[in-house]
Amino acid sequence: MPVYEYICDSCHQIVSSYRQRFAVAAPSCPRCGSNELRRIFSVFSVQRTYTDVYEDILSDRQLTQGMMRNDPRALAEWSRRMSSGEKSPPEYEELTERMEKGEWPSGQIEEKREELFGQERGKPESD
Ligand SMILES: [Zn+2]
């Protein structure tokens, strides 16, 4: 379960919240009760984590070589690391399991990756 962090616009209290991945409603501030919380999870935590994960992957020779050979098992390992502990949607888990068995679900994976990771970056919050 991902941890989302919010900052209160009124008193600058940092609020950590465990919630469902696609839940939209922000919690209210436990200190002042304000609902004016801005999400900071996607700005800080994700990008730092991604850099760390990329470095970790790039330093793993076996994994990068597998990726270069288009080995689905290497990509499955890569996607597991990229999601780093977060619970993926069931259909994505299934995709990863298939790749671990050496199957290559062509087309789908790029789409899924966009869907999962493209969304984390710089998506404007409208509320
Ligand atoms: Zn507050």
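What you see is a predicted model; the values in this text were computed from it and never measured. (Residues numbered from 1 in each chain as written. Predicted model: local features only at pLDDT ≥ 70, side-chain atom pairs only at ≥ 80, totals over all residues.)

**Student:** Before we move on, could you go through unusual backbone geometry and cite the residues and values that matter?
**Tutor:** Phi at H12 takes a positive value of approximately 60°, unusual for a residue other than glycine. Within the element layout of this structure, H12 appears in the loop between β1 (3-8) and β2 (14-18). Positioned with a positive phi, N70 is a non-glycine residue whose angle comes to about 60°. Structurally, the position occupied by N70 is in the loop between α2 (61-68) and α3 (72-83). (Helix = DSSP H or I, 4+ residues; strand = E, 2+ residues; numbered from the N terminus.)

**Student:** For helix α4 (residues 90-100), give the residues involved together with the corresponding values.
**Tutor:** For α4, the complete set of buried residues consists of L95, T96 and M99. Taken around the axis of α4, the buried residues stretch over an arc of 100°, which confines them to a single face. The exposed residues of α4 that point more than 90 degrees off its buried face are P90, E94 and E97. A positive backbone phi angle near 95° is found at G102, which sits one or two residues after α4. (Buried ≥ 20, exposed ≤ 12 C-beta atoms within 10 Å, placed from the backbone. Arc of directions from axis to C-beta.)

**Student:** Residues and numbers for the confidence of the model for the protein chain, please.
**Tutor:** Looking at the protein chain as a whole, the pLDDT averages 70, with 57% of positions reaching at least 70. Within the protein chain, the lowest mean pLDDT, 61, falls on helix α5 (residues 108-117), and the highest, 82, falls on α2. (pLDDT = per-residue confidence, 0-100.)

**Student:** Which residues make up the environment of G102, and what values go with them?
**Tutor:** If you trace the backbone, G102 turns up in the loop between α4 and α5. Judged by C-beta crowding, with 10 C-beta atoms within 10 Å, G102 ranks as exposed. Counting along the chain gives 28 residues from G102 to A74, while the straight-line C-alpha distance between them is 9.2 Å. Residues in contact with G102, not counting those within four places in the same chain, are P72 and R73. (Contact = placed C-beta atoms within 7 Å.)

**Student:** I'd like a description of α2, backed by residues and values.
**Tutor:** Counting buried residues in α2 gives zero out of eight residues, a small share hidden from the surface. Positive backbone phi, approximately 60°, marks N70, located one or two places after α2.

**Student:** Requested: an account of the nonpolar core, with residues and values cited.
**Tutor:** Of all hydrophobic cores here, the largest spans six residues; its members are A74, L75, A76, W78, L95 and M99. Taken together, the elements giving at least two residues each to this core come down to α3 and α4. In terms of residues, this core owes the most to one element, α3, which gives four residues. Those residues in contact with A76 that sit more than four places away from it in its chain are T96, M99 and E100. (Core = buried A, V, L, I, M, F, W, Y, C linked by C-beta atoms within 7 Å.)

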